[in-house]
Amino acid sequence: MTALDTTAVRDRPAGTGDAGRSGGSGGSAEAAQAAPSSAQSFRDAMAQLAAPVSVITALDPDGRRRGFTASSVSSVSLDPPLILAGVALTSSCHATLTTTPEFVVNVLGAQHRDLARRFATQDVDRFAGGAFDAWEGSGTPYLPDAALLVRCRTARIVRAGDHDLVLATPVEFRHGTADNAPLLWYRRGFHTARPHGA
C-alpha cells in the first residue's frame, strides 16, 4: 500500500523486494501460488490489508505548503520512538518529504473522506478550503480536527524499491475527540471502523 498521491486512488505497495521470486522449491505449484506472479497480483493481495488514512503535510524550501494522502504510515520502534512514512519516488511531494526537517502526520477521521480524495489528486489546490492551521513555532500546516496529529522530525531516509521510507522521531502529539471514528483504506476504498456491536 502506498501514498495515495495520484490522479486516481491506487494501492500499489511500498516495495516488492524479493516477494516476486520463488523459493527453493524447484518451481512447485505451492511456491507459484505463494509468491506474487505479477505486480497486479501483489496489489490485489495488499488490498486486503486495512490501513489508517493520513494526510502528511510539510513546508517546501520556499515555505509553500505541501501535502499528500498516505496509508503507508506506521510505528517502527519504541526505543527510540520512530515512525515510518512511505512516499513514492514519483510523488509530487517526494522532494519535500525527503528534504524537510519536519512534517506532520494528520490521521484522518470518517468525516475527512473528501479531504483524503483531494490530497490524492494531482494538479489541484489541495489546501483549498482553509481547514489547515500553522503549527506554532514552525509553521508546518496541520488539520485541527484530525483524529490524531503527530509532529515529526526527520531522522533518516531509506530507499525501498520505488519508494523512499522516511524514518522520523515524533516530537509532539495532539489527540482529537475520542468518538472520532478512523478513516481506513481497504479493498481500494474508504471505510470507517465502528466498535463491535455498534
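For the structure, check the block above.
I will try to describe carefully the structure that is included in this document.

Parameters at a glance
- Residues numbered from 1 in each chain as written.
- Predicted model: local features only at pLDDT ≥ 70, side-chain atom pairs only at ≥ 80, totals over all residues.
- Heavy atoms only, no water.
- Helix = DSSP H or I, 4+ residues; strand = E, 2+ residues; numbered from the N terminus.
- Buried < 20%, exposed > 50% of the residue type's maximum accessible area, 1.4 Å probe, protein only.
- Contact = heavy atoms within 4.5 Å.
- Areas by Shrake-Rupley, 256 points an atom, 1.4 Å probe, with all protein chains shown as cover.
- Phe/Tyr/Trp six-rings, centres within 6.5 Å; stacked < 30°, edge-to-face > 60°.
- Lys NZ or Arg CZ within 6 Å of the ring centre and 35° of its normal.
- Polar contact = N/O pair within 3.5 Å; in protein donor to acceptor, adjacent residues only side chain to side chain.
- Salt bridge = Lys/Arg side-chain N within 4 Å of Asp/Glu carboxyl O.
- Pairing = 2+ DSSP bridges.

### What about the overall build of the protein?
On a plain count of helices and strands, the protein comes out with four helices and 12 strands. By residue count, 40% of the 198 residues in the protein fall in the buried class. Considering only contacts in the protein between residues 6 or more positions apart, those separated by 24 or more positions represent 67%. Carbon and sulfur atoms make up 53% of the accessible area of the protein, which amounts to about 10200 Å² in all.

### As for the packing of aromatic side chains
Counted by the stated rule, this structure contains four aromatic pairs. When the centroid spacing of 5.1 Å and the interplanar angle of 85 degrees are considered together, the rings of F119 and F127 count as edge-to-face. Judged by its relative accessible area of 8%, F127 is buried. Ring geometry for F127 against F132: centres 5.0 Å apart, planes inclined by 70 degrees, an arrangement best described as edge-to-face. Judged on exposure class, the residue F127 and its partner F132 are both buried. Put simply, the rings of F119, F127 and F132 touch in pairs and so form one group of aromatic residues. In this arrangement the basic side chain of R174 is found over the ring face of W135, its NZ or CZ atom lying 4.0 Å from the centre. For the cation-ring pair, R174 lies above Y142, with the distance from its terminal atom to the ring centre recorded as 5.3 Å.

### What about the side chain of T57?
Turning to its location among the elements, T57 is positioned in strand β2 (residues 54–59). Here N106 takes part through its side chain, which lies 3.0 Å from a polar atom of the side chain of T57. At 2.6 Å, the side chain of T57 forms a polar contact with the backbone oxygen of P141. Those residues within four positions of T57 in sequence are excluded, and the remaining contacts are R66, G67, F103, V104, N106, F127, F132, T140, P141 and Y142.

### Here's the deal with the pattern of salt bridges
One pass over the structure, following the stated rule, counts eight salt bridges. When the shortest N-O distance is used, the salt bridge between E172 and R151 registers 3.4 Å. One end of the pair, E172, is in strand β10 (residues 163–175); the other, R151, is in strand β9 (residues 148–160), with 21 residues separating them in the sequence. By relative accessible area, which is 26% here, E172 ends up partly exposed.

### Structural notes on the pairing of β9
The side chains of a regular strand alternate, first on one face of the sheet and then on the other. Where strand β6 (residues 102–107) lies against β9, six bridges are found, and the strand directions are antiparallel. Considered in β9, the bridge of F103 is made with C152. Turn length for the β9-β10 hairpin, with the two strands adjacent in sequence and antiparallel, is two residues, and the turn residue G161 shows positive phi of about 60 degrees.

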